Amino acid sequence: MSNTGPTLVTGATGFVGSHLLDRLADEAAVVAWHRPDGREPDATRHVDWRAVNLLNADDVRAALEDVMPSRIFHIAGAADVGSSWKNVVPHLQTNVLGTHHVLEAVRLASWVCRVLVVSSAHVYHHGDEPIDESAPLLPDTPYGLSKLAQDQLALRAATEDDLDVVIARPFNHVGPRQRPDFAVSSFARQIALIEAGRAPATIRVGNLDARRDITDVRDVVEAYHLLMQAAPAGRPYNISSGRAWKIRDLLEELRQMSRVPVTIEIDETRLRPNDMPVVQGDATRIRAELGWLPRIPVEQTLADTLDWWREQIRSTD
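Per-chain numbering applies: the sequence of each chain, read as written, is numbered from 1 onward. Thresholds applied to this predicted model are a pLDDT of at least 70 for local features of residues and 80 or more for the giving and counting of side-chain atom pairs; totals over whole chains, interfaces and linings are not thresholded and use all residues. Side-chain numbers come from the whole structure's heavy atoms, not from hydrogens or water.

**Looking at the overall build of the chain**
- Counting from the N terminus, the helices are the DSSP runs of H or I reaching at least four residues and the strands are the DSSP runs of E reaching at least two. Helix and strand counts for the chain come out as nine helices and 14 strands.
- The C-alpha atoms of the chain give 19 Å as radius of gyration, which agrees with the globular expectation for 317 residues (20 Å, within 12%).
- Across its three principal axes, the chain shows a C-alpha extent of roughly 60 × 45 × 40 Å.
- Burial here depends on accessible area, computed with a 1.4 Å probe over protein chains only, as a share of the maximum for the residue type. Under 20% is buried, over 50% is exposed, and the range in between is partly exposed. Counting across all 317 residues of the chain, residues that qualify as buried make up 50%.
- Two residues form a contact once any of their heavy atoms are found within 4.5 Å. A fraction of 78% describes how many contacts in the chain between residues 6 or more apart in sequence connect residues 24 or more apart.
- Where accessible areas are quoted, they stem from the Shrake-Rupley method and a 1.4 Å probe; at the residue level, only the protein chains shown are allowed to cover. Surface accessibility of the chain: about 14,300 Å² in total, with carbon and sulfur atoms responsible for 50%.
- Only four residue types enter the charge count, namely Lys and Arg as positive and Asp and Glu as negative; His and the chain termini do not. By convention, the point assigned to a charge is CZ for Arg, NZ for Lys, CD for Glu and CG for Asp. Side chains of the chain carry 34 positive and 44 negative charges; the gap between the two charge centres is 3 Å. For this measure, only C-alpha atoms enter the radius of gyration; the expected value for a globule follows 2.2 Å times N^0.38, where N is the number of residues.

Quick look at the structure:
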C-alpha cells in the first residue's frame with residue numbers, strides 16, 4: 001500500500017547523519033535511529049529519537065513497523081578505513097548485517113518505502129585515473145570489502161526483490177563534526193589545541209603525499225537528498241568533487257589559517273598498511289542525470305572545520 005509516513009534516518013548521531021538532519025530540518029516528521037550503546041542523541045533537535053540495534057533483526061523489524069516510514073536514509077555504518085584492518089568483524093557486522101536487516105524488514109513490510117543505501121568509493125579498484133560507476137569492484141581494504149557486500153545487498157534488493165532502493169557511492173567527505181581520526185579533522189583539531197596553548201606547536205601527520213577526492217559533507221547530504229527524490233532504483237551514483245587534493249596541500253591551507261606558527265612531524269602510527277597514492281572520482285552520472293554539483297569550495301570546508309574545532313576546544317576550557 002502507499003505510504004505518507006515520516007522520514008527515517010539511521011546512524012543519525014554520526015558525522016554525516018547530523019548534517020543530514022540539518023538538511024531535513026524544515027521537512028516532514030523525521031525519526032532518527034541511534035545505536036543503543038553509542039553516542040547520546042541531541043535532545044535539542046526536533047526529531048523522534050529511537051534507540052535501535054541494527055544487528056538484531058527482530059528489533060529492526062519491530063522498530064520499522066512502529067514507524068512505517070515512507071523513506072529511509074540508511075546512513076549507519078562503520079566508517080573508519082584504517083581501523084578496519086584490526087576490527088574486521090565489527091565492520092562486517094555493522095555495514096553488512098545491519099544493512100541486510102534493514103532491507104529485509106523493508107521487504108517484509110506491507111507498505112511502500114524508498115531506501116537510500118550509502119555504500120562507498122572504497123568498493124572500487126583504485127588507480128591513477130578518475131573512477132566512474134563502471135570501474136571494477138575490487139576493494140583493497142576490509143572496510144571496502146564490507147561496503148561492497150552492503151552495496152551488492154542493495155543492488156540485489158532492487159533487482160531481485162523489486163524494492164525501491166537507491167545506491168550512493170560517496171568519495172571522501174569532510175567538514176565540521178567529523179571525528180579526529182580522519183586527516184583533515186585531525187589537522188584542524190591539532191591546530192585548535194595549539195592555538196589554545198593546550199598542545200605543543202607540532203602537528204603529527206601520516207602520509208602527506210596521498211591524493212584524495214574531497215567533497216564537503218554538506219554537499220554530500222544534498223546529493224543524498226537529491227538521490228532520494230529522483231534517482232532510479234538499483235542505479236549506483238558516485239558522489240565526488242572530481243578533484244584529487246594532495247593531503248599536504250590541505251594541511252598547508254590549514255596552516256595558513258592558523259593563528260600561531262606550527263611545525264609538521266611524521267607519525268609512523270598514522271600510516272596505513274595499504275594507502276593508495278590516488279583516489280579520484282568521476283561524478284559525471286549524477287551531474288548529467290540529476291544535476292548535482294558540489295557548491296562549497298574546499299577552502300570554506302577547511303575554515304569551517306577549523307572554526308568548529310576551535311569552538312569545541314573553547315567549550316572544554
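Having seen the structure, we can now continue with the description.
**A look at the packing of aromatic side chains**
- Pairs were defined over the aromatic rings of Phe, Tyr and Trp, the Trp ring being its six-membered one, requiring ring centres within 6.5 Å. Orientation was assigned from the angle between planes: stacked under 30 degrees, edge-to-face over 60, tilted for the rest. On inspection of all chains with the given rule, the structure shows two aromatic pairs.
- Between the aromatic rings of Tyr124 and Phe171, the centroid separation amounts to 6.4 Å while the plane-to-plane angle is 25°, which identifies the pairing as stacked. Here the residue Tyr124 occupies a position in the loop between strand S5 (114–118) and helix H4 (142–159), and Phe171 occupies one in the loop between strand S6 (165–170) and strand S7 (173–174), the gap between them amounting to 47 residues.
- Judged by relative accessible area, Phe171 falls into the buried class, the value being 2%.
- Summarising the aromatic geometry, the rings of Trp308 and Trp309 are spaced 4.9 Å apart at their centres and angled 75° between planes, so their arrangement reads as edge-to-face.
- The positively charged end of Arg243 is found above the aromatic ring belonging to Trp245, 3.7 Å away from the centroid. Only when the NZ of Lys or the CZ of Arg is both within 6 Å of the ring centre and within 35 degrees of the ring normal is a charge said to sit over the ring.

**Some details on the side chain of Asp216**
- Structurally, Asp216 can be placed in strand S10 (residues 215–216).
- Look at Asp216 and you get buried, because its relative accessible area is 2%.
- Within polar-contact distance, the side chain of Asp216 engages the backbone nitrogen of Arg218 at 2.7 Å. We define a polar contact as two N or O atoms separated by no more than 3.5 Å, with the added condition that, inside protein, one atom must be a possible hydrogen donor and the other a possible acceptor, whereas residues neighbouring each other in sequence contribute only through side-chain atom pairs.

**What about the pattern of salt bridges?**
- Criterion for a salt bridge: a side-chain nitrogen of Lys or Arg within 4 Å of a carboxyl oxygen of Asp or Glu. In the structure shown here, the tally under the stated rule is 25 salt bridges.
- One salt bridge in this structure joins Arg114 and Asp164, with 2.9 Å as the shortest N-O distance. With Arg114 in strand S5 and Asp164 in the loop between H4 and S6, the pair connects residues that are 50 residues apart, well separated along the chain.
- Among the ionic contacts, a cluster of salt bridges with common partners joins Arg23, Glu27, Arg71 and Glu222.

**Quick word on the nonpolar core**
- To define a nonpolar core, start from buried Ala, Val, Leu, Ile, Met, Phe, Trp, Tyr and Cys residues and group those joined through side-chain atoms within 4.5 Å. One finds Val9, Phe73, Leu116, Tyr224, Leu227, Ile239 and Ile286 to be the most contacted residues of the largest nonpolar core, which totals 32 residues.
- Elements that contribute at least two residues to this core include exactly helix H1 (15–23), strand S2 (30–34), S5, S6, helix H6 (217–230), strand S11 (236–239) and helix H8 (284–290).
- The biggest single contributor to this core is H6, with eight residues.
- If sequence neighbours within four positions are ignored, Ile286 has contacts with Ala223, Leu227, Tyr237, Asn238, Ile239, Gly291 and Trp292.
- Leu54, Val115, Ala154 and Leu163 belong to the second largest nonpolar core, which has 26 residues in total.

**Overview of the environment of Trp33**
- Take Trp33: it is sitting in strand S2.
- For Trp33, a relative accessible area of 3% gives the class buried.
- For the pair Trp33 and His74, spaced 41 residues apart in sequence, the C-alpha to C-alpha distance is 9.7 Å.
- Not counting residues within four places of it along the chain, the set of residues in contact with Trp33 comprises Leu8, Val9, Thr10, Gly11, Ala12, Arg50, Val52, Leu54, Val60, Ala63, Leu64 and Val67.

**Here's the deal with the environment of Pro142**
- Secondary-structure assignment places Pro142 in helix H4.
- According to the relative accessible area criterion, Pro142 is buried, its value standing at 15%.
- With 116 residues separating them along the chain, Pro142 and Ser258 place their C-alpha atoms 35 Å apart.

**Comments concerning the sheet that holds strand S14 (residues 278–279)**
- Strand pairing follows a simple DSSP-based rule, namely that at least 2 bridges must link the two strands. Reading across from one edge, S12-S9-S14 is the order of the three strands in this open sheet, with mixed pairing throughout. The strands lining the two open edges of the sheet, one partner per strand, are strand S12 (244–246) and S14.
- Where helices are involved, their axes are fitted lines through C-alpha atoms of the stretch in contact, as for all axes, and angles between N-to-C directions lie from 0 to 180°. Helix H7 (residues 247–257) contacts strand S9 (211–213) and S12 of the sheet and is inclined by roughly 65° relative to S12.

**Some words on the pairing of S11**
- With burial as the criterion, each face of S11 is covered, one bearing Pro236 and Asn238 and the other bearing Tyr237 and Ile239.
- Where S6 and S11 come together, four bridges link them in parallel fashion. Bridging across to S11, Ile167 finds its partner in Pro236.

Honestly, that's just the spatial picture; any functional story needs more than this.
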